Structure formats: structure tokens, C-alpha cells
Amino acid sequence: MNENQPGSRRPIHIGFRTSIITVFIAAALFVGLTLVYLSFQRVSSITQTAASTFIEKVVQLGADRVDSQFKNIRDCLEVLGGLPSIQSAEIDDNSKLYGLMASMLRNNPQLFNLYVGYEDGSFLEMDVIDRANPGFRSSLQVDEDAAYRVVIISRTGNAALKPVTVFLSENLIQVAEAPGPTGYDPRRRPWYIDAFKDETTLLTGPYVYYATGQPGYTLRTRLKEGRRGVVAGDLLLNRLQEMLGQQRLGQSGLAFLFNDANRVVGHPEMNRLMDQTEPGETLPDIGVIRLDGLAQAIQSWRRGGGAQQFFADQTGRAYVAAFHSVETAGPANIRLAVVAPLDEFYSQIISERRTLFALALGFVIATLPLAFWLGSLMARSMRELARQTDEIQRFQIADRPRLRSMIDEIDELGRSVFTMRTVVRNFSSFIPRQIVRQLIESGASLELGGSRREITVLFTDVADFTAKTEKADPSQVMIYTSRYFAALSEEIMSHQGTVDKFIGDAVMAFWNAPADDPDHVTNACKAVLGCVRRNAELNASFSSEGWPPYTTRFGLHVGDAVVGNVGSSDRMNYTALGATINLTARLEGLNKNYGTQILASADVKARAESSFVFRSIDEIKPKGFAEAVAIYELRGDRAGDGSSELAFCQRWDAVYAAIQREEAGAALNRISEFLSEYPGDGVAQYHAERLRATVPLAKLPETSRY
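Okay, so let's go over this structure.

Rules behind the numbers
Residues numbered from 1 in each chain as written. Predicted model: local features only at pLDDT ≥ 70, side-chain atom pairs only at ≥ 80, totals over all residues. Heavy atoms only, no water. Helix = DSSP H or I, 4+ residues; strand = E, 2+ residues; numbered from the N terminus. Buried < 20%, exposed > 50% of the residue type's maximum accessible area, 1.4 Å probe, protein only. Contact = heavy atoms within 4.5 Å. Areas by Shrake-Rupley, 256 points an atom, 1.4 Å probe, with all protein chains shown as cover. Core = buried A, V, L, I, M, F, W, Y, C linked by side-chain atoms within 4.5 Å. Salt bridge = Lys/Arg side-chain N within 4 Å of Asp/Glu carboxyl O. Axes fitted to C-alpha atoms, helices over the stretch in contact; angles between N-to-C directions. Parallel < 35°, antiparallel > 145°, perpendicular 65-115°, else oblique. Left-handed = near helix turned anticlockwise from the far one by under 90°. Pairing = 2+ DSSP bridges. Patch = residues over 30% accessible without salt bridge, like charges linked within 9 Å, V, L, I, M, F, W, Y side chains within 5 Å. Expected span 1.5 Å × (residues − 1). Phe/Tyr/Trp six-rings, centres within 6.5 Å; stacked < 30°, edge-to-face > 60°. Lys NZ or Arg CZ within 6 Å of the ring centre and 35° of its normal. Polar contact = N/O pair within 3.5 Å; in protein donor to acceptor, adjacent residues only side chain to side chain. Nonpolar A, V, L, I, M, F, W, Y, C, P; charged D, E, K, R; others polar.

Observations concerning the overall build of the chain
Then comes step 1: For the chain, the count of helices and strands is 21 helices and 21 strands.
Then comes step 2: Considering the chain as a whole, with its 706 residues, one finds that 44% of them fall into the buried category.
Then comes step 3: A fraction of 61% describes how many contacts in the chain between residues 6 or more apart in sequence connect residues 24 or more apart.
Then comes step 4: On the chain, roughly 37300 Å² of surface is accessible, and the fraction owed to carbon and sulfur atoms is 53%.

So this is what it looks like as C-alpha cells:
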């Protein structure tokens, strides 16, 4: 059929641009009109859902803030309990200890005091006098300069001191002293008894403190090391008033803390509620809040209902409430409640919803062309900025031209991304790139402070470094030592390690921080063996260039440490602190005694012996450790040609077992047999010399006298 014949219908053609705009406008109108229609039918449901979601976020944030108060106190107690002076009950006339306790009290205004009691009745307490009621200072009969009260009951040693109360100024200068108390025994106090009876909770109480006249909880924990005892602190619930007041929603909203006994634990007007409390009751009943339907909402939640509850008072006013547990409180079961009237937050939206939707719809229609153009323009720029930002996050910091835009905000963002790329690239010129990459990828906080976590720590040192370099040209020392550091650093970082610092000719590194590394012990062992190989290659180059070789000794240990940023606000150092670090440094130094190159702790061997070859060296008792620590030499990887090393270690371990269980003479005989096969073994020579010093020459076997 001919399309040009009279009466034939021509097909309709629409341009691509027109069709896209038509579909876009039609979709926008359809969605907009549908939303307008649904809004009138479901505004109540939407309002309740929005209120429920919003108040859930508020109560979660509020509970987290309360929880952080408990956690701060718990952290203070753990730090205090870890002090050697606390563990050994050196509490009398200890100004450093008093200074630390005062600093903790200053930084935690919710604490009234800190104290520690011991199994022999010794006791130390530091109170902030002005955090109690005014009558407390009057009862102490001290002048206004007294800021802290320190109670000392020392029963340690043969010459136990009489109990004494010392008053210190804000600068911790003693301003007064008084005898006593004489009849106080911490071992009979609930907080001391509960600490050994129940380890599942940190809290004892609540009860009204004598000094403050206000209710509170005692947070306590047992000493983990040293003397048997308990360290504790009193949490003032009235200090939570200001924080709870900040959690209030709107003009009539309310946030408060309560427990499973339906007692109010914290309230913005806690003092007023305490005045309304019945005689003999420690905390006010939840009924004093006088909000109809609240008690029923709490009961519904406890019976398994949702964390968000709706109820109405006698006047018919609708309320929404949300409840959340304070996790750190444990079995004390402290909950946070946030309550707000629905109409107070959404009354304007409800009353003006028709106008708002009409205006919104008209605005969308009027701005469709401009939005379409600007959206396309902005989308291209934003996609490019997002791509560049992703590259920086992946540490792809090759130089790129700055993105420019006619929109000021996008142009400024382009400048910021360009500056960020330049800063990261320049920063990585001073700090090893692997550290910068780990900080970017892990999102580690660049703030002062740290956290406890398990890490594997490495210490290295160059044997006789001073003797080798003291007469050399300093510039040459710097050049060759930098090459040495670069080789070791590359090997460490290629195995997910973090180079902490260079200390003279020594290197400190660790694994499993800042980024998590589940195989950190294995990676550390691989890195150390890699460092040995790189060191040997580097020494060959040094010798060909006329520079003395660097013989490196290594110490390796795994354990808990505090990892984070230390220093000041304008100069930080990401490092690790703790006994694990000290033991690792000690292991590195012991290589000199045994003639070894890599010494590792028993913890490293236990975690890595399936992949690496170790042999027993000795047992040491480092300062600060209650028990002896077994140490081992890392000999190599089990893969490849590790069979020869494995046979060597098995041969030596049999000799070492004889040293542990047999008499010195017989053990010397076994060592002599071993040395006849391996005459240059420093470990065997060390044990032989030690045994010879303990056995008279006449009792030595013939093969061991010379």
C-alpha cells in the first residue's frame, strides 16, 4: 500500500530530546500528584512513622552518650588498676598517684571520687569536696583552699601507719591533715564484696551517698594483677541532669533514666523528684513523672513490644516514646526513655500540608527545565570529582589537572580535591606510603588517644653500629643507613607491617594496626625472614662499596598494647605502648647473649610454628612479669628447604630438654656432643658456659673440661 495515497495515515515521529523531556515531565507529574493524593490519606501514618524513626535515633544517640559516661569511668578504673603503685599498695605519700587520680576526677565531672581497697584492709580514697552538698565541706571543717580529700589507711608492711585524712588544694598542695577514720574497713563495703561476688556487672547500687545526699552508683572492678583488691568510683546521677536536658525534644519533651524496679535513676529535674520521694525510698518512683500512659508503654515494651510506643494522656494528647538499654550498666538494667508529644513537632506540617504540597508541586514543574540542565552539568562534574576522590582513597595519587566549574561550590570542591591530592602526595614523601595508605583505608582517627588491641611487635638493632660508624663521614653514615632503613621498611610494609619509628640504628614496627590483619603473626615472621635476606643482599653491596656490613638482630613478640596517637594537638605520633613493647625490646637485646639473630616469644611460636621453624633458647623473667617467659629462635620457613633447619632444631631441642631435666654434668656431655657437630652454635656455647660455672671441674665429664 502506498503511504502517499489520499486518505492514508502518516506515522507520528517524536524527537529523542522531546520524548525524554515528555517522559520526564509526565513521570514527575504522576509521582507528584500521587504523592499529593497519598499525603492526604496517610499523613497520620507517615507522621507516626517519621516520629518513631526520629525518636529511635534520638534515644540511641542518648543511650550512647550515657554509655560513654560509664565507659569513661570504666577506662579510668582500668588505667588506675594497672598502675604498679596501685597493684603493690604503695598508697602512702604518693604524690604522682594522687596527681593522676586528681586528673581523672577533673576530666570526669560525673565522678565524686576514686578509691581502692585491699584484702588486708588498706584503703585509699580521693574525693572532690565541692561535688558534694555544701554541708559536706562544713562538716570537714577545712578552709576554702581544700579541693580534694584523701583518706589513707595503710596496713601494708610491718610498720603500718595510722589512718589519716589529707586535704589538698587544686594544685595538690597539702593544706590540712586530720587523723582517722579509725573504724572504716573497705572489705565490709558492698562495692568490695560485690566485686568478688559478681563479675558480670561493674555497678553496685543505687544508694544515696552520705557525702552528697544524692543517689548514685558505684563502678568497681577487681585488680587484675598484684595485690588482691578492688578499685572503684562513685557516679553522681545528678550530674546527668544537664545531658538529659539536652536530649529533650521540643518544648514538652522529656528524657530520663530508669531501672527494672520502675525507679527514676536520672532526670533533668532530679532534685525536685528526690524531694517528692517517699521517706525510706532511695530513688523516686516512675509515677512521680505524672504522665498518664507512660507506665503502660514501658510495660508493653518489656513484654516484647517495639522499642517505640505511642500512648495518649487523659486529655487525648498523643505521645511517642522510645526506650533503649545502657549496655555498660549490664545487669543493673538502666534504660533511657525519650518521650515527646506528636503535635508539638508536626503540628505545623499537619496544618500546612496542603499548601506545602501545592507549592512543592508548582516549584517542581516551574524548575524542570533548569533542573534538567543544571543536573546534567553538575552530574558530569560530580562524577569526575567522585572518581578522583575514589582514586585518592585507593592511594592512586598521580598528578591530575584541577577540575574547574562555573558553579562556585563545585569549583571550590574541585580545588579542595586537587589540594587534598597534593597534600597526600607530599605527605607520603615524608611518611612511608604504606602508613599513609593504611590510615586512609582504615579511617584511623587522627586524634590524641588510643585503644587496646593485640599486635605483633618487632624491634631491630645493628650490632656494633657505633664502632663501625663513629669515625666515618657523617654524610656517608646517613646515606648508607638510609639505604638500610629503606630495605627493611620495604620488606616490613610489603608484609602488611607498620613502621613505627627509627631510633638511631634501630627500627620499631608492628602488625595489626592501624588496619586489621588476622594473619599478623605469620606476616611478621615472613617480614623478619625477608629482612634477613634483604640485609644479606645489602651487606654484599656495602662490601663492594667499601662500607662495613650491618649485622641486624631482631626481637619479635605478640600481645596486647595501647595503640594510637600520642603527643600534642599539633604534633602527633602514631605508636604503641605497653609491656608487650618492653618485652620485645628486651628480646632484641638478648640476641647478643645467645649469639642469635632472631629471638621470638613463646606466644609467637605458638601462633606460627605450623609455618615456621623455631628452637628453644631459654626462659627469662623480665622485670614486671610475674612468671618466666620462654624464648625461641626463629630459624626459617618450613616450606622449601626447611627440612634441614627442622632437623637441626629437633637435634637441639633434645639437648635443651636434657639441660632442663638432667644434672649439669650429663647435660654438659650432651652439649659437647652437639658442639662437635655444630661447633659455632652460640646458643649451645652459652648454655655450656653457664653450666660449667655451676659444676666443679672435678665433676665435669672428660669431654667437657676443655
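Examining the nonpolar core
Then comes step 1: The biggest cluster of nonpolar side chains holds 78 residues, and the ones touching the most others in it are L80, L97, L124, M126 and F256.
Then comes step 2: Of all the elements, helix α1 (residues 16-81) adds the most residues to this core, at eleven residues.
Then comes step 3: Not counting the four nearest positions on each side in its chain, L124 is found in contact with I91, L97, Y98, M101, L114, Y115, V116, V150, V151 and I152.
Then comes step 4: One finds L488, V507, C525 and A600 within the second-largest nonpolar core, a separate group that totals 38 residues.

A look at the environment of K162
Then comes step 1: Tracing the chain through its elements places K162 in the loop between β3 (148-153) and β4 (164-168).
Then comes step 2: Given a relative accessible area of 74%, K162 falls into the exposed group.

Digging into the pattern of salt bridges
Then comes step 1: Enumeration according to the criterion identifies 26 salt bridges in this entry.
Then comes step 2: R188 is the salt-bridge partner of D185, the closest N and O atoms lying 3.9 Å from each other.
Then comes step 3: Here R615 ties to D681 by a salt bridge, and the two come within 2.6 Å at their closest N and O atoms. Highlighted residues: R615 in strand β20 (residues 612-620) and D681 in the loop between α20 (664-677) and α21 (682-692), separated in sequence by 66 residues. For the pair formed by R615 and D681, the shared burial category is buried.
Then comes step 4: A network of salt bridges, in which partner residues are shared, links R615, E633, R635, E645 and D681.

Section: the packing of α20 against α21
Between two packed helices, the angle of one axis relative to the other and the distance separating the axes together describe the packing.
Then comes step 1: Running from N to C, α20 and α21 cross one another at 150 degrees; their axes reach a closest spacing of 10 Å. The pairing of α20 with α21 is recorded here as roughly antiparallel in orientation. Here α20 runs over α21; the crossing is left-handed. Counted together, A664, A667, L668, I671, F674 and L675 of α20 and A684, Q685, H687, A688, L691 and R692 of α21 form the full contact between these two elements.

Some points on the sheet that holds strand β10 (residues 264-266)
Then comes step 1: Strands sit in the order β10-β9-β13-β12-β11 across an open sheet of five strands; the sheet is antiparallel. Because the sheet does not close on itself, it has two edges, and the strands there are β10 and β11 (308-312). The mean angle between the axes of side-by-side strands here comes to 35 degrees, regardless of whether they run parallel or antiparallel.
Then comes step 2: Where strand β12 (residues 318-325) lies against strand β13 (residues 335-341), seven bridges are found, and the strand directions are antiparallel. When the bridges of β13 are listed, F323 appears paired with A337.
Then comes step 3: Along the sheet face, helix α8 (residues 294-302) touches β9 (254-258), β11, β12 and β13 and points at about 150 degrees away from the line of β11.

Structural notes on a nonpolar patch on the surface
Then comes step 1: Taken together, the side chains of V562, V566 and L577 make up a nonpolar region of the molecular surface, amounting to roughly 210 Å² of accessible area.
Then comes step 2: In this fold, V566 is placed in strand β17 (residues 552-568).
Then comes step 3: You can call V566 partly exposed: its relative accessible area is 33%.

Details of helix α3 (residues 95-107)
For an α-helix, 3.6 residues make a turn, and residues three or four places apart therefore share a direction.
Then comes step 1: With 13 residues, α3 extends 18 Å between its outermost C-alpha atoms, agreeing within 8% with the 18 Å of an ideal straight helix rising 1.5 Å per residue.
Then comes step 2: Those residues of α3 that fall on the buried side of the exposure criterion are L97, Y98, G99, M101, A102, M104 and L105.

Section: the pairing of strand β7 (residues 215-222)
Then comes step 1: Within β7, seven of the eight residues are buried, leaving the element largely enclosed by the surrounding structure.
Then comes step 2: Two elements, strand β6 (residues 203-208) and β7, share four bridges in a ladder whose sense is antiparallel. Each residue of the ladder has a partner; that of L203, found in β7, is L219.
Then comes step 3: With seven bridges connecting them, β7 and strand β8 (residues 229-236) associate as antiparallel partners. Note on β8: the bridge partner recorded for Y217 is L235.
Then comes step 4: Adjacent in sequence and paired antiparallel, β7 and β8 are bridged by six residues, among which G226 carries a positive phi angle near 75 degrees.

Side note on the packing of aromatic side chains
Then comes step 1: The final tally for this structure, using the stated rule, is 25 aromatic pairs.
Then comes step 2: Taking 5.8 Å as the distance between ring centres and 45 degrees as the angle between the ring planes, the aromatic pair formed by F256 and F258 counts as tilted.
Then comes step 3: Taking the relative accessible area as the measure of exposure, F256 reaches 0% and is therefore buried.
Then comes step 4: When the ring of F542 is compared with that of Y550, the centres are 5.5 Å apart and the planes differ by 80 degrees; the resulting orientation is edge-to-face. The same class applies to F542 as to Y550, namely buried.
Then comes step 5: Taken together, the aromatic side chains of F465, Y480, Y484, F485, F502, F542, W547 and Y550 make up a single cluster linked through ring pairs.
Then comes step 6: Seen from the ring of Y632, K605 lies directly overhead, with NZ or CZ sitting 5.0 Å from the centre.

Remarks on the side chain of T552
Then comes step 1: Relative to the helices and strands, T552 resides in strand β17.
Then comes step 2: Polar side-chain contacts of T552 include one of 2.8 Å to the side chain of Y484.
Then comes step 3: At 2.7 Å, the side chain of T552 forms a polar contact with the side chain of N535.

Considering the packing of helix α15 (residues 474-494) against helix α16 (residues 520-544)
Then comes step 1: At their nearest, the axes of α15 and α16 sit 9 Å apart, and the two run at 150 degrees to each other. In terms of orientation, α15 and α16 fall into the roughly antiparallel class. α15 and α16 meet at a crossing whose hand is right-handed. Taken together, the residues of α16 that come into contact with α15 (itself represented by Y480, R483, Y484, A487, L488, E490, E491 and I492) are A527, G530, C531, R534, N535, L538, S541 and F542.
Then comes step 2: Classifying every residue of the contact of α15 with α16 by side-chain character gives nine nonpolar, three polar and four charged.

Structural notes on α15
Then comes step 1: Relative to the 30 Å expected for 21 residues at 1.5 Å per residue, α15 spans 30 Å between its end C-alpha atoms, a close match to the ideal helical length.
Then comes step 2: Just past α15, the residue Q496 takes up positive phi, approximately 65 degrees.

Focus: unusual backbone geometry
Then comes step 1: Of note, the amide linkage connecting G180 to P181 takes the cis form, showing an omega dihedral of 5 degrees.
Then comes step 2: Locating P181 in the fold gives a position in the loop between β5 (174-179) and α5 (190-197).
Then comes step 3: One non-glycine residue, N262, lies in the positive phi region at around 60 degrees.
Then comes step 4: Residue position: N262 is located in the loop between β9 and β10.

Coordinates in, geometry out; function isn't part of it.
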